[in-house]
Amino acid sequence: KVVALAGIGLIGYGILFLLQNFTGFIELGLTPDHLGSTPEQIAAFSSQLYDYISHVQVAVGGLIIALGVAVVALAWFGIRTGQKWALWTAFISPVIALVISLPLHYVYGLNTLGHLGPIYLDVVILIVGTVMSYNALQA
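Below: a short report on this structure. (Residues numbered from 1 in each chain as written. Predicted model: local features only at pLDDT ≥ 70, side-chain atom pairs only at ≥ 80, totals over all residues. Heavy atoms only, no water.)

## Describing the overall build of the protein chain
Part 1 of the argument: Helix and strand counts for the protein chain stand at 7 helices and 0 strands.
Part 2 of the argument: Reading the protein chain from its N end, one meets helices and strands in the order α-α-α-α-α-α-α.
Part 3 of the argument: With respect to the principal axes defined by its C-alpha atoms, the protein chain has extents near 60 × 25 × 20 Å.
Part 4 of the argument: Residues classed as buried in the protein chain amount to 33% of the 139 residues present.
Part 5 of the argument: Taking all contacts inside the protein chain whose residues are at least 6 apart in sequence as the whole, residues at least 24 apart take part in 71%. (Helix = DSSP H or I, 4+ residues; strand = E, 2+ residues; numbered from the N terminus. Buried < 20%, exposed > 50% of the residue type's maximum accessible area, 1.4 Å probe, protein only. Contact = heavy atoms within 4.5 Å.)

What follows is the structure in structure tokens.
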């Protein structure tokens, strides 16, 4: 059940990602100082660039939500029925996403706690849930 909670956390984060795009444009936990300009300045410079950034943020939000749905389904219908492959798939899939997406946050100075904090919390929940589920499957 804890792995499913991590999936629900991903769904929630993806929803926040979408809401932030349409209400404040700049991602959760970031400020105009991180971007070097305000949303209005970006739109004034190039409305096409603004639209492009928005579409990428919506796509990423959708992918985060989809990943969360997959983790919940794997936890609920696979791990709970004793399927080890489901446990490893539910664990490895978000890890792959993090390994690919996290490093540039540090390179570009976008690693604020407000921005990455929810994902850090979700990783802790996922690890705890994976260890608990693994131990239960070994019993």
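After that view, the rundown keeps rolling.
## A closer look at the packing of helix α5 (residues 84-101) against helix α7 (residues 113-138)
Part 1 of the argument: Interaxial distance between α5 and α7 falls to 10 Å at its minimum, and their mutual angle equals 160°. In terms of axis orientation, α5 runs roughly antiparallel to α7. For the pair α5 and α7, the crossing hand works out as left-handed. Residues Lys84, Leu87, Trp88, Ala90, Phe91, Pro94 and Leu98 of α5 touch α7, and the partners they reach there are Ile119, Val123, Leu126, Ile127, Thr130, Ser133, Tyr134, Leu137 and Gln138.
Part 2 of the argument: Across the contact of α5 with α7, the residue classes break down as 12 nonpolar, 3 polar and 1 charged. (Axes fitted to C-alpha atoms, helices over the stretch in contact; angles between N-to-C directions. Parallel < 35°, antiparallel > 145°, perpendicular 65-115°, else oblique. Left-handed = near helix turned anticlockwise from the far one by under 90°. Nonpolar A, V, L, I, M, F, W, Y, C, P; charged D, E, K, R; others polar.)

## What about the environment of Gly12?
Part 1 of the argument: Mapped onto the fold, Gly12 is located in helix α1 (residues 2-23).
Part 2 of the argument: Separated by 53 residues in sequence, Gly12 and Ile65 place their C-alpha atoms 7.5 Å apart.

## Remarks on a nonpolar patch on the surface
Part 1 of the argument: Together, Phe45, Leu49, Tyr52, Val56 and Val60 line one region of the surface with nonpolar side chains, adding up to about 470 Å² of accessible area.
Part 2 of the argument: Of all the elements, helix α4 (residues 47-77) adds the most residues to the nonpolar patch, at 4 residues.
Part 3 of the argument: On the secondary structure map, Tyr52 appears in helix α4.
Part 4 of the argument: Looking at Tyr52, the relative accessible area reads 49%, which means it is partly exposed. (Patch = residues over 30% accessible without salt bridge, like charges linked within 9 Å, V, L, I, M, F, W, Y side chains within 5 Å. Areas by Shrake-Rupley, 256 points an atom, 1.4 Å probe, with all protein chains shown as cover. Salt bridge = Lys/Arg side-chain N within 4 Å of Asp/Glu carboxyl O.)

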